[in-house]
Amino acid sequence: MMKKKFLSLALVSAMVLSICSCNGSNNGGSSAPGSSTPNSTASSQDGSSAGGEVEPGEFAPVTYDQNVIYDNAFGEFYEVYQKAKAETDIPTRYAMMALAEGKWLASGASLPQTSQGGSYTMNKIVPYTISTVLWGNDSSRMHQALVTNEIIKTEDRDVMKEQFRELQGTGGYEEWVRGYLAEHEYTLKDNLNYIYSADNETWDVLSSSQAIDGEVLVHTFDGLMEYDIENVLQPALAESYDVSEDGLTYTFHLREGVSWVDSQGRKVADVKADDFVAGMEHLIDAGGGLEALLDGLILNASAYLNGEITDFSQVGVKALDDYTVEYTLEAPTSYFMTMLGYNIFAPMSRSYYESQGGKFGADYAPEDTDYNYGKSPDTIAYCGPYLVTNSTAKNSIVFQANPQYWNADGINLKSMTWFYQEGTDATKMYNDFKDGTTDSAGILNPSALEVAKQDGLFDEYGFVSATDATSFFATFNLNRQSFANYNDPTKLVSPQTHGSADEINLDEGVYTSEILDDAARTHAAVNNRHFRLAFNFAVDRAQYNAQRRSDDLKYTNMRNTYVPGNFVFLETDVTVDVNGKSTTFPAGTNYGEIVQAQLDADGVPVTVWDPSTGADDPSTGFDGWYNVENAKAEMAKAVEELAAIGVEVSKENPIQLDVMYAGNVEYMLNQANVLKQCMDTAFDGLIQMNLIPAADLDEYRRSGYNPELGSDMNFDWAAISGWSPDWGDPNSYLDQILPEDMGYMSIAYGLW
């Protein structure tokens, strides 16, 4: 099973993006309180009866065939999306992708949450001296960042923002902003004290698709091309490149004299074209999820991934000589160059990898005792701007400038120290910033904001951070099989009665228990579209969001779509079929407007695109989903349909939904309670929310963030997932909800 990149909403601190994902049984772990026997009752958290007596009776079998579950929820999305991917005209392709997303949203299996940013903060990092490109890893690269000794005033920040808009793409912003800072008596320093909220799990950048790994490791290597601070794609390890007339072959001419070094800065090899070949082969061997991005992109990568060919030399990446690397594509790909800012194209020193016990292909064996590559910062080779000279779990990470870096003059920061902050202390992030321990105040949550105002700092230095292309969303577990954490069956145990292993016949693909237990009833409910939509319409996302940010910013980063509505637009008029009706969208139409058209055609009463807000992205900044009357109407349909298959939904027999949260994080407790209040208000007891506290964030992550298998997901509903795009095309998002190994986010629904 592949791992893929997805973001954890719970792990995001102001300056930190966390991106995620084990092995488990099909019977859901240990038994929950209350046996799966007739007339048993489940216990709620406070020990009271939860759901009343459950009598055996007629019940339509609940399928556990994952393809059936996927098709039931996402069949319409998949049909439209496959047509979109086959379309060669780019504007038509974008329009059809937007229609596909409309079908996905109409399924109700997910509820959009927020983007990254849009929070009150203060900092010393000069605006627009870190790339703000919306995809890939380059927005995490910090070597060009300018950091002041003084807190930057809000009024100065506004001037810099306006000037950046005028200078973007000219190459003149950094020179201008240096002059502006000097004129306004700011002084620069060459170190950055930063914050992070989760330790990376590997030091091998090619074996992981998690943001918590990528954010650290992006500083250890350079790619062929990278986006600069003005978001212009620039040569990095490649000095130049050529593209064949048919758009299938890209040839990169490498910079000579670039060194691989160890963590002590000692040279271990030269960077050669073969290191890009070794990197891609190891990427596929490691199976960390990134290899899926090569499927259908690089010639024969799909065949190699599927085992149809076993000779990697047939894959479309070649070292033509020491300093020329060639990629051959399966088909012309308009967004290929935008992918080079992501670590799927990272090089790896073949010789150093082999010196650490690394092997390739059928011989790849990371379990071998002599395999050390990527196990610590001392067992990787570096060709990027920084070396990791110290790393202590849940404490700090120290970066020092690479003394042999080819672009040493392009490094503005000579060192960085990242300090771990779990988030349990609501004001620590602010207090550490105020006393100079860190250079960013991160997210000023309500408690920290109040202190900042009392200190008199906020009015002069506070600002609202920009939102980005990250999209967080909640998911229903459509195929729940774990009722305790995969790594410890005593943690986060569900109070629901549920079938034991011998009552679930996965070979036949059906739930064969004759007992109408809690989990079976929940399974039936969450696989009902009207039930899912009812729940989504009942969630007051503004109040939910307000628990971790100030009340007046509860809408600022609220997103109503998956792909940001302004991510792409049509460059020409496009005519497409919308539910059987030929519809023309004029040139200039944004992606989000087409998503809205599909939802309107399907009769789903939500607003995901509202230009009247005046926002840069009209899919963000308001709540177009919350509507209690719509929730009640959908629930009435769900109750009727569930009754038809033998599932009673009533106050006496409510549907139980388990929601996990970190009990030591105040805002997460508050959010869980908001969720419960929303369900009580809308449905008057038809849904019973089981709020189950984890001891800490690590335990919470293991319920729905760390698992590699859908069967290990231990929740019924979770707002723990998200995605940031890897390149500049909507398929970077939508590919992740394809079935089976084609898309990683399927595991967020308990599938595969």
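Anything mentioned here points back to the structure above.
Our subject in this report is the structure included herewith. As the structure is a computational prediction, the values presented were derived from the model and not from experiment.

The rules behind the values
Residues numbered from 1 in each chain as written. Predicted model: local features only at pLDDT ≥ 70, side-chain atom pairs only at ≥ 80, totals over all residues. Heavy atoms only, no water. Axes fitted to C-alpha atoms, helices over the stretch in contact; angles between N-to-C directions. Helix = DSSP H or I, 4+ residues; strand = E, 2+ residues; numbered from the N terminus. Parallel < 35°, antiparallel > 145°, perpendicular 65-115°, else oblique. Left-handed = near helix turned anticlockwise from the far one by under 90°. Contact = heavy atoms within 4.5 Å. Nonpolar A, V, L, I, M, F, W, Y, C, P; charged D, E, K, R; others polar. Phe/Tyr/Trp six-rings, centres within 6.5 Å; stacked < 30°, edge-to-face > 60°. Buried < 20%, exposed > 50% of the residue type's maximum accessible area, 1.4 Å probe, protein only. Lys NZ or Arg CZ within 6 Å of the ring centre and 35° of its normal. Pairing = 2+ DSSP bridges. Salt bridge = Lys/Arg side-chain N within 4 Å of Asp/Glu carboxyl O.

1. Structural notes on the packing of helix 3 (residues 154-167) against helix 4 (residues 173-183)
How two helices sit against one another is set out by the angle between their axes and by the gap between those axes. With their axes 10 Å apart at the nearest point, helix 3 and helix 4 run at an angle of 155 degrees to one another. On the basis of their axis angle, the class for helix 3 and helix 4 is roughly antiparallel. Crossing handedness for the pair helix 3 and helix 4: right-handed. Contact with helix 3, carried on its side by D156, V159, M160, Q163, F164 and L167, involves Y173, W176, V177, Y180 and L181 of helix 4 and no other residues of that element. Tallied by class, residues from the contact of helix 3 with helix 4 come to nine nonpolar, one polar and one charged.

2. Details of the packing of aromatic side chains
Under the definition given, this model contains 40 aromatic pairs. Summarising the aromatic geometry, the rings of F77 and Y81 are spaced 5.4 Å apart at their centres and angled 15 degrees between planes, so their arrangement reads as stacked. With F77 and Y81 both in helix 1 (residues 66-86), this residue pair falls four residues apart, about one helical turn. Relative accessible area serves as the criterion here: at 0%, Y81 is assigned to the buried category. Considering the side-chain rings of F567 and Y733, the 5.4 Å spacing of their centres and the 90 degrees angle between planes classify their relative orientation as edge-to-face. Placement of F567 in the loop between helix 14 (541-546) and strand 24 (574-578) and of Y733 in helix 19 (residues 731-734) is noted, with a sequence separation of 166 residues between them. Since its relative accessible area comes to 11%, F567 is described here as buried. An aromatic cluster is present here, built from W104, W135, Y227, F473, Y562, F567 and Y733 joined pairwise through their rings. If you follow R157 out to its NZ or CZ, it ends over the ring of F463, 3.9 Å from the centre. We note R350 situated over the ring of F360; from NZ or CZ to the ring centre the distance is 4.8 Å.

3. Concerning the sheet that holds strand 16 (residues 324-328)
Spatially, 11-12-16-15 is the arrangement adopted by the four strands of the open sheet, whose pairing is antiparallel. Lying at the two open borders of the sheet, with one neighbouring strand each, are strand 11 (238-243) and strand 15 (317-321). Sheet twist, expressed as the mean angle between neighbouring strand axes with direction ignored, is 25 degrees. Note: strand 11 against strand 12 (residues 249-254), five bridges, orientation antiparallel. Its bridge partner being in strand 12, A238 is matched across the sheet by L254. The strands touched by helix 6 (residues 274-286) are strand 12, strand 15 and strand 16; relative to strand 15, the strand with the most contacts, the crossing angle is about 165 degrees.

4. A short note on the pattern of salt bridges
Under the definition given, this model contains 30 salt bridges. Ionic pairing is found between K189 and D439, a salt bridge with its closest N-O pair at 2.9 Å. Of this pair, K189 sits in strand 7 (residues 188-189) while D439 sits in the loop between helix 9 (428-434) and helix 10 (446-455), placing them 250 residues apart in sequence. Residue classification places K189 among the buried residues on the basis of a relative accessible area of 17%. Residue classification places D439 among the buried residues on the basis of a relative accessible area of 0%. The partner of D684 in a salt bridge is K651, with the nearest N and O atoms 2.9 Å apart. Here D684, found in the loop between helix 17 (666-683) and strand 27 (687-694), pairs with K651, found in the loop between helix 16 (628-644) and strand 26 (655-662); they are 33 residues apart in sequence, far enough to count as distant. The exposed category is assigned to K651, whose relative accessible area is 52%.

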